[in-house]
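What the coordinates show
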Amino acid sequence: MPRSQVVLASISILTLILLGISSIYESQSAGERTQLLSNAETPAASIIFTQRETLVYSTQLALWSNGGTTRREVQIARALLAQRLAVIDSSGLSMGSRAHSGYWKALEASDQVVSSAPPGILPESMHEKLNITLIPIIDEIVAQARNLVVSYQRSVDREMKMLAEDTAQRDAFNLSLLYIFIISGGLFLFLNTRTNLRNFRRARDEIYGERIALESARQEVAKLQDLDAAKNALISNVNHELRTPLTSIIGYIELLQRDNPENHSREHRLHLEVLQRNSLILLNLVESLLSLSKFDGAVGELPQLHVSLRDVIEDSLFALRPAFEKADIKPIFLSTNDFYVRGDRAQLDQVLINVIANSIKFGSSNSSVTIELLSRKNIEGRDFAVITIKDEGIGIAKEEIPQIFQRFYRGENLPKDRYEGTGLGLAIVKQVIDHHGGFIEVDSEIGKGATFALWIPIVEEGKEVG
Ligand code: ADP
């Protein structure tokens, strides 16, 4: 994700968290506000009652001074007012404590006047005198009571104003958080959607491009397969055409060799031998190429026959007996069990002949070649038959081993005139073993002989061999 989008997303998340915290705080302070309002309401009720009791008292005083009521009534009204002034409200203050000192002085003055007068209704003779004394006191009590109401009203107003300001501030803060959230979140969503759309388009174009490339590669492969098939058909036709005259040439050379050999000069015999050797090499090459093109064309078409590996080894040893004798090499075959593999008998014969023929060709005279047949499990737990062919010949350099299965590869430092060959034998071996689901291991060092291990999957274990 681009850096700008990360920043925007972080801002959105941060403001959302702040909004959450602020709303928790808000709900707490809403409770406090309600409390404050109720605190303001309760004393408001108290002050109204105080005001009323003051007025009642003042009225009683005025009535009394004019002989309209008894002193007792005045004292009752005064007691009610005193009670009201002593009431403590939710802010912890009594109504009396909020009153100005002038209020108390006026009340005390009225108390003195009332207590010094006789009980009951005032005699008319005292009306005028008391009226003159009481009127300023009553005025003072009423005025002070009004002051009490006004000053209290002001303090309640102040609190309410502070409350409103506090709420407005918090609302403004929350609103700005909300704006930040909406702007950053919206911007993030916009940029992110745009990036995603771009990525989507790019991926779609890439997939489209890859599809086109794949299609052209597929066409290329099909073309190559056609070419390969045509090549194999050509090689196979040409080789067929070559094999017939070659076999005939070899036959005639043998005839010439056998025809009165005692009359042949040494040179003549030598020429015939060279002719024979080269025609045989040519025949070998033709046959190898034919085999390869046959296998190339038959990929995936393995006959479902069970082939006895013991039979394959014994037949190859039989076919190569003259070669063993000529090279003065002793074949040793070791096996206790037979193993059956699924595959093509002729192809497997050719594999064994090629590997054993190499061990004779590259072996040293008066030595032996040991062929062993046994079974082993590979890493994936499958059962494999393993045929090892071990010779005591010239060996192969370690770094050369991976190359010996390439077509036409021949040992780099091999004296070619001494070791004839085409470089196709092991290529055929590898192709057939791959085709049979197996693999090959080679263990060798220069001058220390070579061991070829051919691993082929077993389909069934055969009879024990005594
Ligand atoms: P060719 O035998 O016709 O040269 P191959 O494909 O059979 O071709 O073998 C390729 C090369 O592998 C040989 O030229 C040789 O260098 C090496 N090679 C194969 N088998 C052996 C062996 N048993 N001992 C030493 N070298 C070998």
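Structure: above.
Residues numbered from 1 in each chain as written. Predicted model: local features only at pLDDT ≥ 70, side-chain atom pairs only at ≥ 80, totals over all residues. Heavy atoms only, no water.

**Observations regarding the overall build of the protein**
Each helix and strand in the protein was counted, giving 10 helices and seven strands. Here the C-alpha radius of gyration of the protein, 61 Å, is well above what a compact globule of 466 residues would show, namely 23 Å. Referenced to the eigenvectors of the C-alpha coordinate spread, the extents of the protein come out at roughly 195 × 55 × 40 Å. In the protein, which comprises 466 residues, the proportion classed as buried is 37%. (Helix = DSSP H or I, 4+ residues; strand = E, 2+ residues; numbered from the N terminus. Rg over C-alpha atoms; globule rule 2.2 N^0.38 Å. Buried < 20%, exposed > 50% of the residue type's maximum accessible area, 1.4 Å probe, protein only.)

**Description of the site of the ligand**
Surrounding the ligand, one finds 20 residues, the nearest of these being N358, D391, R410, G423 and L426. Contact between the ligand and N358: an oxygen atom at 2.8 Å from a side-chain N or O atom of the residue. G423 places a polar main-chain atom, nitrogen or oxygen, 2.9 Å from an oxygen atom of the ligand. Burial of the ligand by the protein amounts to 97% of the accessible area it has alone, namely 530 Å². Contributions of two or more residues to the shell around the ligand are made by α9 (345-361) and α10 (425-435). Ranked by residues supplied to the shell around the ligand, first place goes to α9 with three residues. Classifying every residue of the shell around the ligand gives nine nonpolar, eight polar and three charged. (Near = heavy atom within 4 Å. Polar contact = N/O pair within 3.5 Å; in protein donor to acceptor, adjacent residues only side chain to side chain. Areas by Shrake-Rupley, 256 points an atom, 1.4 Å probe, with all protein chains shown as cover. Nonpolar A, V, L, I, M, F, W, Y, C, P; charged D, E, K, R; others polar.)

**A look at helix α7 (residues 309-319)**
If you check which residues of α7 are buried, you get L309, R310, V312, I313, S316 and L317. Taken down its axis, α7 places every buried residue within 165 degrees of arc, on the same side. (Arc of directions from axis to C-beta.)

**Regarding the nonpolar core**
Formed by 42 residues in total, the largest nonpolar core has its most connected members in I356, I387 and F452. Residues within four places of F452 in sequence aside, it is in contact with V355, I387, T388, I389, I396, I404, F405, L426, I440, E441 and V442. With 26 residues, the next largest nonpolar core counts Y57, V113, L134 and I138 among its residues. (Core = buried A, V, L, I, M, F, W, Y, C linked by side-chain atoms within 4.5 Å. Contact = heavy atoms within 4.5 Å.)

**Considering the pairing of strand β5 (residues 383-390)**
With six of eight residues buried, β5 is to be regarded as a mostly interior element. As defined by bridge partners, strand β4 (residues 367-377) adjoins β5 across eight bridges and the pair is classed as antiparallel. Note that in β5 the partner of K377 across the bridge is D383. In sequence, β4 turns back onto β5 through a hairpin of five residues, with G381 there showing a positive phi of about 85 degrees. (Pairing = 2+ DSSP bridges.)

**Topic: α9**
For α9, which comprises 17 residues, the first-to-last C-alpha distance of 24 Å matches the rise-based estimate of 24 Å (1.5 Å per residue) to within 8%. Listing the buried residues of α9 in full gives Q347, L348, D349, V351, L352, N354, V355, I356, N358, S359 and I360. The N-cap residue of α9 is D344: its side-chain oxygen and the backbone nitrogen of A346 are 2.9 Å apart. (Expected span 1.5 Å × (residues − 1).)

**Some details on the packing of aromatic side chains**
For any pair of aromatic rings, the description rests on two quantities: the centre-to-centre distance and the angle between the ring planes. Tallied over the full model, the rule gives five aromatic pairs. Judged by centre distance (6.3 Å) and plane angle (70 degrees), the ring pair of Y103 and W104 falls under edge-to-face. Residue classification places Y103 among the buried positions, given a relative accessible area of 1%. Residues F362 and Y419 carry aromatic rings whose centres are separated by 5.2 Å and whose planes lie at 40 degrees to one another, so their mutual orientation is tilted. With F362 in the loop between α9 and β4 and Y419 in the loop between β5 and α10, the pair connects residues that are 57 residues apart, well separated along the chain. Of note, R78 hangs over the ring of Y57, and the distance from its end group to the ring centre comes to 5.9 Å. (Phe/Tyr/Trp six-rings, centres within 6.5 Å; stacked < 30°, edge-to-face > 60°. Lys NZ or Arg CZ within 6 Å of the ring centre and 35° of its normal.)

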